[in-house]
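Working through the structure, step by step
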Amino acid sequence: MTRISARRILPAALLCATLLMSINAAAQLKAIEVYTHYANPFAKRLAVEHINGVGGGVDITYALAERVSIGIRGGYVLYSIDQTDQLVGWGWSFWNDRYLNKIQADMRADPSLTSVIGSVQKMDLIPVALHLDYAFVPAEKFVITPSVAGGVSFYTRRLYADETWTKTFAAANYSFTYNFRNFAPAKKGTIVHAGIGCMLQYRVFSDVDVSVAAKYTQYVSSVNQAAYAAFPFENEMDVRLGVDFLY
């Protein structure tokens, strides 16, 4: 089960609340969208071989003029990551300096002992973005909305070793197998991003739209350079499906 630390949620919640109060004082609520999306990173870093993410969130939009709106978007994305030799590459001193040597020594000392060691890496991302939109209405009930956005994302990368050990008792013709996980210290940080996107909306009821959107995001820097250095990709494209409740 994925656990998101309150220390990661609280800054995002405070940022959203501050931005919402500022926008609400100057504009009228237009729509609230609930969405789910799939993220596909492009320029991967840190010897990452495969990565993709799924998630969802809420987008609150306010009207500034007839076709111009501003909004704030917040959500959660869970990424699955495959990185070359990721257990060693993580920089986990316990694993690299002590435990890996112990595994090798134990297997040399006891030929009846075998192991299969894999690893699983995930990343939790909590993005918060402010976006500016302009709506085109080419047909009744149909709206095309390009947008530009910028914000921050709070991330936590997690890694664990998945160990399966087997002890063979040849005299008894029996093997005993057990499995456990060894968790590495997490890598956390805050990163700045900017992006462009386009959303297509179709009116299904007087106050409800369904929407599909595509968005390109570039991760540009971080408050802490070490946080940016540990982030596994530079940019991504995501596709979003949503339901918009109009006001």
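Residues numbered from 1 in each chain as written. Predicted model: local features only at pLDDT ≥ 70, side-chain atom pairs only at ≥ 80, totals over all residues. Heavy atoms only, no water.

1. So, a nonpolar patch on the surface
- Among the surface-exposed residues, Val34, Val58, Tyr202, Val204, Phe205, Val210, Val243, Phe245 and Tyr247 lie close enough to one another that they form a single nonpolar patch of about 820 Å² accessible area.
- Mapped by element, the contributors of at least two residues to the nonpolar patch are strand 8 (187-205) and strand 10 (235-246).
- By secondary structure assignment, the location of tyrosine 202 is in strand 8.
- The exposure class assigned to tyrosine 202 is partly exposed, which follows from its relative accessible area of 42%. (Patch = residues over 30% accessible without salt bridge, like charges linked within 9 Å, V, L, I, M, F, W, Y side chains within 5 Å. Areas by Shrake-Rupley, 256 points an atom, 1.4 Å probe, with all protein chains shown as cover. Salt bridge = Lys/Arg side-chain N within 4 Å of Asp/Glu carboxyl O. Helix = DSSP H or I, 4+ residues; strand = E, 2+ residues; numbered from the N terminus. Buried < 20%, exposed > 50% of the residue type's maximum accessible area, 1.4 Å probe, protein only.)

2. Considering the packing of aromatic side chains
- Here the structure, examined in full by the defined rule, presents 14 aromatic pairs.
- The rings of Tyr79, Tyr155, Tyr219, Phe231 and Phe233 are connected pair by pair, giving a single aromatic cluster.
- Over the aromatic face of tryptophan 90 sits the side chain of lysine 187, whose NZ or CZ is 4.8 Å from the ring centroid.
- Its end group placed over the ring of tyrosine 35, arginine 240 keeps NZ or CZ at 4.9 Å from the ring centre. (Phe/Tyr/Trp six-rings, centres within 6.5 Å; stacked < 30°, edge-to-face > 60°. Lys NZ or Arg CZ within 6 Å of the ring centre and 35° of its normal.)

3. Considering the nonpolar core
- Judged by nonpolar contacts, the single largest core of 16 residues is most densely connected at Tyr79, Met123, Leu125, Tyr155, Tyr219, Phe231 and Phe233.
- If you list the elements that add at least two residues to this core, you get strand 2 (48-63), strand 3 (68-83), strand 4 (113-134) and helix 4 (225-229).
- Among the elements that take part in this core, strand 3 stands out by supplying three residues, more than any other.
- Excluding its chain neighbours within four sequence positions, the residues that come into contact with phenylalanine 233 are Pro41, Ala43, Lys44, Arg45, Ile51, Tyr79, Met123 and Tyr219.
- Judged by nonpolar contacts, the second largest core, of eleven residues, contains Trp92, Leu113, Ala161 and Trp165. (Core = buried A, V, L, I, M, F, W, Y, C linked by side-chain atoms within 4.5 Å. Contact = heavy atoms within 4.5 Å.)

4. Let's talk about helix 3 (residues 93-109)
- The terminal C-alpha atoms of helix 3 lie 24 Å apart, and with 17 residues this matches the ideal 24 Å at 1.5 Å per residue to within 8%.
- Taken as a whole, helix 3 carries its principal kink of about 40° at tyrosine 99.
- For helix 3, the set of buried residues is Trp95, Tyr99 and Ile103.
- Where helix 3 is buried, its residues meet helix 2 (86-89), strand 4, strand 6 (142-169) and strand 7 (174-183). (Expected span 1.5 Å × (residues − 1). Bend = angle between axes of the 7 residues up to and from the residue.)

5. Focus: the pattern of salt bridges
- Scanning the entire structure with this criterion turns up seven salt bridges.
- For the salt bridge of arginine 158 with aspartate 124, the shortest nitrogen-to-oxygen distance reads 2.8 Å. With arginine 158 in strand 6 and aspartate 124 in strand 4, this residue pair connects regions lying 34 residues apart in the sequence.
- For aspartate 124, a relative accessible area of 5% gives the class buried.

6. Remarks on the environment of aspartate 244
- Among the secondary structure elements, aspartate 244 is positioned in strand 10.
- Residue classification places aspartate 244 among the buried positions, given a relative accessible area of 3%.
- When the C-alpha atoms of aspartate 244 and glutamine 201 are compared, they prove to be 8.6 Å apart, with 43 residues separating the residues in sequence.
- The residues contacting aspartate 244, other than those within four sequence positions of it, are Ile32, Glu33, Gln201, Asp207, Val208, Asp209, Val210 and Ser211.
- A polar contact is formed between the side chain of aspartate 244 and the side chain of serine 211, at a distance of 3.0 Å. (Polar contact = N/O pair within 3.5 Å; in protein donor to acceptor, adjacent residues only side chain to side chain.)

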